[in-house]
Amino acid sequence: RVGDQLVLTKPLGTGIITTAGKEGLADAAILKRAIEVMSLLNKASSEAMMEVGVSSCTDITGFGLLGHLQTMVEASGVTARIHFSQVPLIEGTWKLVQDGVAPGGTHRNLHSVEQVTAWDTSVSQEAKLVLCDAQTSGGLLMSVPSGKVSDLLKALSERGVNEAVVVGEVLERGASAIEVQA
């Protein structure tokens, strides 16, 4: 709904990190952290969401954050604005993508959303790839009324979901389904 805030429950980067792992480019600590993120189930997040009440929700998996967000906003007839600076990344993800590591699915995801996304000119190609990174066992992206955000974040934290953050907002439908700012 227009005026809602977008809350993401897990950091991004599992696709980039696991690809780097397959290529021998990710150290053990980065791989361990990615496995921890993937091992955290969305059960607690969904329980918090049901307790507080949200407008809509999707899980972030193979189509990446922006691919799944596209489905949400097009079904709702709204536009979503994402602030890349607020999107959490698994430690090590940024360096890997800067070094040119990104799975083929991530590149396909970016190609898929480019026509429906308005990118701020300061958003780098690496940031675009991270936002489209094909996740394994990614978090939930919830659209929640502004007045319920603090209650949702508290309910998530009480259940051990400590990395949830607001990453954007829902706007009246504009020229693009998605807007990305740096």
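Residues numbered from 1 in each chain as written. Predicted model: local features only at pLDDT ≥ 70, side-chain atom pairs only at ≥ 80, totals over all residues. Heavy atoms only, no water.

Undergrad: Requested: an account of the overall build of the protein, with residues and values cited.
TA: If you tally the helices and strands in the protein, you get eight helices and seven strands. Over its C-alpha trace the protein gives a radius of gyration of 15 Å, about what one expects of a compact globule, namely 16 Å for 182 residues. With respect to the principal axes defined by its C-alpha atoms, the protein has extents near 45 × 40 × 25 Å. The 182 residues of the protein split such that 51% are buried. Residue pairs at least 24 apart in sequence account for 87% of intrachain contacts in the protein once pairs closer than 6 positions are excluded. Carbon and sulfur atoms make up 52% of the accessible area of the protein, which totals about 8200 Å². Placing the 14 positive and 20 negative side-chain charges of the protein at their respective mean positions leaves the two points 4 Å apart. (Helix = DSSP H or I, 4+ residues; strand = E, 2+ residues; numbered from the N terminus. Rg over C-alpha atoms; globule rule 2.2 N^0.38 Å. Buried < 20%, exposed > 50% of the residue type's maximum accessible area, 1.4 Å probe, protein only. Contact = heavy atoms within 4.5 Å. Areas by Shrake-Rupley, 256 points an atom, 1.4 Å probe, with all protein chains shown as cover. Lys, Arg positive; Asp, Glu negative; His and termini not counted. Charge placed at Lys NZ, Arg CZ, Asp CG, Glu CD.)

Undergrad: Can you explain the side chain of Thr-14? Please cite residues and give values.
TA: With respect to the helices and strands, Thr-14 occurs in helix α1 (residues 14-22). Of note is the side chain of Thr-14, whose polar atom sits 3.0 Å from the backbone nitrogen of Thr-136. With sequence-adjacent residues up to four places away left out, Thr-14 is seen in contact with Ala-34, Val-37, Met-38, Ile-90, Asp-133, Ala-134, Gln-135 and Thr-136. (Polar contact = N/O pair within 3.5 Å; in protein donor to acceptor, adjacent residues only side chain to side chain.)

Undergrad: Which residues make up the nonpolar core, and what are the values?
TA: In terms of nonpolar packing, the biggest core is built from 43 residues, with Leu-66, Leu-69, Leu-131 and Leu-141 touching the most fellow members. For this core, the leading source of residues is helix α4 (residues 64-76), giving five residues. Ignoring any residue separated from it by four or fewer positions in sequence, one finds Leu-69 in contact with Leu-6, Ala-80, Ile-82, Leu-141 and Ile-178. The next biggest cluster of nonpolar side chains, apart from the first, holds 14 residues, and it includes Ala-44, Met-49, Ala-155 and Ala-164. (Core = buried A, V, L, I, M, F, W, Y, C linked by side-chain atoms within 4.5 Å.)

Undergrad: An account of the sheet that holds strand β1 (residues 5-8) is needed here, citing residue identities and associated values.
TA: Overall, mixed pairing links the seven strands, which are arranged β2-β5-β1-β6-β3-β7-β4 in an open sheet. Each having just a single partner strand, β2 (56-59) and β4 (117-119) make up the two edges of the open sheet. On average, adjacent strands in this sheet sit at an angle of 20 degrees to one another, irrespective of strand direction. (Pairing = 2+ DSSP bridges. Axes fitted to C-alpha atoms, helices over the stretch in contact; angles between N-to-C directions.)

Undergrad: How would you sum up the packing of α1 against helix α2 (residues 28-39)? Please name residues and give values.
TA: How two helices pack is summed up by the angle between their axes together with the distance between the axes. Packing of α1 against α2 leaves a shortest axis separation of 10 Å and a crossing angle of 135 degrees. One way to sum up the angle between α1 and α2 is to call them oblique. For the element pair α1 and α2, the recorded crossing hand is left-handed. Touching Thr-14, Ile-17, Thr-18 and Gly-21 of α1 are Ile-30, Leu-31, Ala-34, Val-37 and Met-38, all from α2. In the contact of α1 with α2, the residues fall into six nonpolar, three polar and no charged. (Parallel < 35°, antiparallel > 145°, perpendicular 65-115°, else oblique. Left-handed = near helix turned anticlockwise from the far one by under 90°. Nonpolar A, V, L, I, M, F, W, Y, C, P; charged D, E, K, R; others polar.)

Undergrad: Tell me about the packing of α4 against helix α6 (residues 104-113), and please be specific about residues and values.
TA: Taken N-terminus to C-terminus, the directions of α4 and α6 make an angle of 40 degrees; their axes are 9 Å apart at the nearest point. Handedness of the α4/α6 crossing: left-handed. Facing α4, whose interface residues are Gly-64, Leu-66, Gly-67 and Gln-70, α6 presents Asn-109, Ser-112 and Val-113. Considered class by class, the residues forming the contact of α4 with α6 number two nonpolar, five polar and no charged.

Undergrad: Before we move on, could you go through the pattern of salt bridges and cite the residues and values that matter?
TA: Between side chains of opposite charge, a pair can form when the charged atoms approach closely. Enumeration over the complete set of coordinates arrives at 11 salt bridges. Here Asp-99 ties to Lys-95 by a salt bridge, and the two come within 2.8 Å at their closest N and O atoms. (Salt bridge = Lys/Arg side-chain N within 4 Å of Asp/Glu carboxyl O.)

Undergrad: Could you give an account of the pairing of β1, naming the residues involved and the relevant values?
TA: For β1 and strand β5 (residues 140-144), the ladder comprises four bridges, and the chain directions are antiparallel. The residue of β5 that forms the bridge with Gln-5 is Val-144.

So far we have only geometry, and geometry alone does not tell us how the molecule works.
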